[in-house]
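Summary of structural features
Each chain, written out:
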Amino acid sequence: MEKIAVLVLVLGCCFCAADTNETGQNSESTSPCDMCSLTTIALNVGTLGEKVANMADKITFLETKLQNTDREVLELRSLIGGTPQVAFSAALRDSGSGDIGPFTTATPLKYKKIFSNYGDCYNPSTGIFTATVSGVYFFRFSMFNNLSPTPNSVVCLKKNNERLTSVWDVNGSDSNDMGSNAAVISLKVGDNVYVELQANRLVFDDAGNYNTFSGFLLFTM
């Protein structure tokens, strides 16, 4: 814009010079070639150019800020609302105390005391967690052995029909032992995860909630 203002000023000088040469004298009347008018116009054009340039800089700044804001909104949505919330934790007994088992066949343990069940993927009636979202999950379970003179406890974490990890105690003179195990696994929609009490084994629990089963979604796939 400054170049345009200078060009207008130069052209004005040229026209006025031509007018002087033709008449042999400067015109005393106001004309479009009046130098003061052209100078004022040129200055105004220059000032307007500076304002336009400043506005362009501000627009560029606002566009960049808007892009950053959009990116932050997307990140926030992924953290809060974009990722399914799946998590549960439960204990074996919701009341009473005593042994659970033995059963003649391997049987999923039914953890009936629910601490949390976000996403409603865990079913306390069956003891089975069913994935409704494909992703990578963390699972953990604990076992407290029976209180009879000879320990006889074996439990396994299973995905569908596949054994993943186990905890067992079948030897020793003490009967107040417990253990735990965990796994990080990938699941597809419909996959089942549960803790299975092996055939002819048993576990003990009471209000202390020694036997627990927990899991949660780490990230989707």
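Model, not experiment: these values are computed from the prediction.

Here we look at the pairing of strand β13 (residues 212-220)
Both strand β1 (residues 87-91) and β13 contribute to a ladder of 5 bridges, which runs antiparallel. Residue pairing in the sheet places Ser89 in a bridge with Ser214 of β13. With 7 bridges joining them, strand β7 (residues 135-144) and β13 adopt antiparallel strand pairing. Bridge pairing in β13 links Phe141 to Phe213.

Section: the nonpolar core
Ranked by size, the top nonpolar core spans 28 residues in total, and within it Phe129, Tyr137, Phe139, Val155 and Phe213 carry the most contacts. Elements represented by at least two residues in this core include exactly β1, β7, β8 (153-159), β10 (178-187), β11 (192-197) and β13. A per-element tally of this core places β7 first, with 4 residues. Each residue touching Val155, except ones within four places of it in the same chain, is listed here: Leu109, Phe141, Met143, Thr165, Ser166, Val167, Val195, Glu196, Leu197 and Val203.

Structural notes on the packing of aromatic side chains
Considering all chains together, one arrives at 13 aromatic pairs under this definition. Geometrically, the ring pair formed by Phe88 and Phe129 is stacked, given 5.3 Å between the ring centres and 20 degrees between the ring planes. Of this pair, Phe88 sits in strand β1 while Phe129 sits in strand β6 (residues 128-130), and the two are 41 residues apart along the sequence. Looking at Phe88, the relative accessible area reads 3%, which means it is buried. Judged by its relative accessible area of 1%, Phe129 is buried. Note on Tyr111 and Phe213: the rings are 5.5 Å apart at their centroids and 45 degrees apart in plane angle, and the pair reads as tilted. Taken together, the residues span a long stretch of sequence, with Tyr111 in the loop between β3 (107-108) and β4 (113-118) and Phe213 in strand β13 at a distance of 102 residues. We note that Tyr111, like Phe213, is buried. The rings of Phe88, Tyr111, Tyr122, Phe129, Tyr137, Phe139 and Phe213 are connected pair by pair, giving a single aromatic cluster.

Rules used throughout
Residues numbered from 1 in each chain as written. Predicted model: local features only at pLDDT ≥ 70, side-chain atom pairs only at ≥ 80, totals over all residues. Heavy atoms only, no water. Pairing = 2+ DSSP bridges. Helix = DSSP H or I, 4+ residues; strand = E, 2+ residues; numbered from the N terminus. Core = buried A, V, L, I, M, F, W, Y, C linked by side-chain atoms within 4.5 Å. Buried < 20%, exposed > 50% of the residue type's maximum accessible area, 1.4 Å probe, protein only. Contact = heavy atoms within 4.5 Å. Phe/Tyr/Trp six-rings, centres within 6.5 Å; stacked < 30°, edge-to-face > 60°.

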